[in-house]
Amino acid sequence: MLPLYLCGEMGAAVGLLLLLIGLHGSQAQVAGDTDVWTEVKALKTILMEAMVKQTILQKQVDELKEEQARGKTKVAFYAALSDTGNIGPFQTEKKLTYSKVFTNIGNAYNSSTGVFIAPVKGVYSFQFTAFGFTSCTIRLQVYKNNKKIMSNWKHSSLNVATYVTNSLILELEAGDTVHFSLPSGACLYDDRNNYSTIIGFLL
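Residues numbered from 1 in each chain as written. Predicted model: local features only at pLDDT ≥ 70, side-chain atom pairs only at ≥ 80, totals over all residues. Heavy atoms only, no water.

Named according to an unreviewed UniProt entry, the protein chain is C1q domain-containing protein originating from Tetraodon nigroviridis. The UniProt entry for the protein chain carries the following text under Subcellular location (unreviewed entry): "Secreted". (UniProt positions renumbered as here; feature names shortened; annotations may be inferred.)

As structure tokens, then:
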């Protein structure tokens, strides 16, 4: 909705513009022998300036609404992978479902699918720790909207604790998704001690 003063400016400008176009069509002239078409051009300029003001103000309103939505929305989650011990290697890439959820403010992380869905537009921080305890390559991949944006790996030895950890900052639109996956041939380890974990929150 336009501010009242812009409605007045644009309404007056449009009305006068139509009037002067009609006058110009009948070859009429205003007082002082001023060409009507010059007045039409001037009013067109006023109209364009009012439209630019409208666009700027609408953008400012939208930004304020987004800031208010972010301020009211709290998003934070922390989850561990599993109690099963060794996970992988698999013949194909496997989306990971971190099933042990300790914190899920905003319910943006789904422990059944392993997918985080951004509830509002904003900047989000994510961190993961991948643990290995067998002779295998630890590897973890991060996807945004099903597009791979990060891949980390490290070879682990039998009975030697090996960690891979990293973090990233993502600018997400509402509805964007983030998930973690285990590539084919790679493995992880987790048990009741919660070695392999993920964290995410809205900044």
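Having seen the structure, we can now continue with the description.
A few words on the overall build of the protein chain. Looking only at helices and strands, the protein chain has two helices and 13 strands in total. Buried residues in the protein chain amount to 35% of all 203 residues. A total accessible area of about 11,800 Å² is found for the protein chain, and carbon and sulfur atoms account for 56% of it. (Helix = DSSP H or I, 4+ residues; strand = E, 2+ residues; numbered from the N terminus. Buried < 20%, exposed > 50% of the residue type's maximum accessible area, 1.4 Å probe, protein only. Areas by Shrake-Rupley, 256 points an atom, 1.4 Å probe, with all protein chains shown as cover.)

Taken in spatial order, the five strands of this open sheet run β4-β1-β13-β7-β10, and their pairing is antiparallel. Each edge of the open sheet carries a strand with a single partner, namely β4 (100-105) and β10 (162-172). Averaged over all pairs of adjacent strands, the angle between strand axes in this sheet comes to 5°, irrespective of strand direction. Bridge count between strand β7 (residues 122-132) and strand β13 (residues 197-202): six bridges; the pairing is antiparallel. Its bridge partner lying in β13, T129 is registered against T197. (Pairing = 2+ DSSP bridges. Axes fitted to C-alpha atoms, helices over the stretch in contact; angles between N-to-C directions.)

For the coordinates displayed, the defined rule picks out one disulfide. Sulfur-sulfur distance for the disulfide between C136 and C187 comes to 2.3 Å. Of this pair, C136 sits in strand β8 (residues 136-144) while C187 sits in the loop between β11 (177-182) and β12 (188-190), placing them 51 residues apart in sequence. The exposure class assigned to C136 is buried, which follows from its relative accessible area of 9%. What makes C187 buried here is its relative accessible area of 3%. (Disulfide = S-S within 2.5 Å.)

Time to look at unusual backbone geometry. A cis amide bond links G88 with the next residue in sequence, P89, at an omega value of 0°. With phi around 55°, N107 is a residue other than glycine that occupies positive phi space. A positive phi angle, close to 50°, is found at N145, a residue other than glycine. By the element assignment, N145 lies in the loop between β8 and β9 (147-156).

This next bit is on the packing of aromatic side chains. One pass over the full model with this rule turns up 15 aromatic pairs. When the ring of F131 is compared with that of Y163, the centres are 4.7 Å apart and the planes differ by 50°; the resulting orientation is tilted. Of this pair, F131 sits in strand β7 while Y163 sits in strand β10; the two residues are 32 residues apart in sequence, bridging distant segments of the chain. Ring plane angle 65° and centroid distance 5.8 Å describe the contact between F131 and Y189, whose orientation is recorded as edge-to-face. (Phe/Tyr/Trp six-rings, centres within 6.5 Å; stacked < 30°, edge-to-face > 60°.)

Further remarks concern the nonpolar core. In this structure, Y98, F116, Y124 and F126 are the most contacted members of the largest nonpolar core, which totals 31 residues. Of all elements in the fold, only β1 (76-80), β7, β8, β10, β11 and β13 reach the threshold of two or more residues within this core. Ignoring any residue separated from it by four or fewer positions in sequence, one finds Y124 in contact with V75, F116, A118, P119, L168, I169, L170, L172, F201, L202 and L203. (Core = buried A, V, L, I, M, F, W, Y, C linked by side-chain atoms within 4.5 Å. Contact = heavy atoms within 4.5 Å.)

Once that is clear, we can look at the confidence of the model for the protein chain. For the protein chain, mean pLDDT is 82; residues scoring 70 or higher make up 75% of the total. With pLDDT under 50 throughout, residues 1-6 is counted as low confidence; its partners more than four residues away or in other chains account for 10 contacts. Residue range residues 28-32 is modelled with pLDDT below 50. Its contacts to residues more than four positions away, or to other chains, number five contacts. (pLDDT = per-residue confidence, 0-100.)

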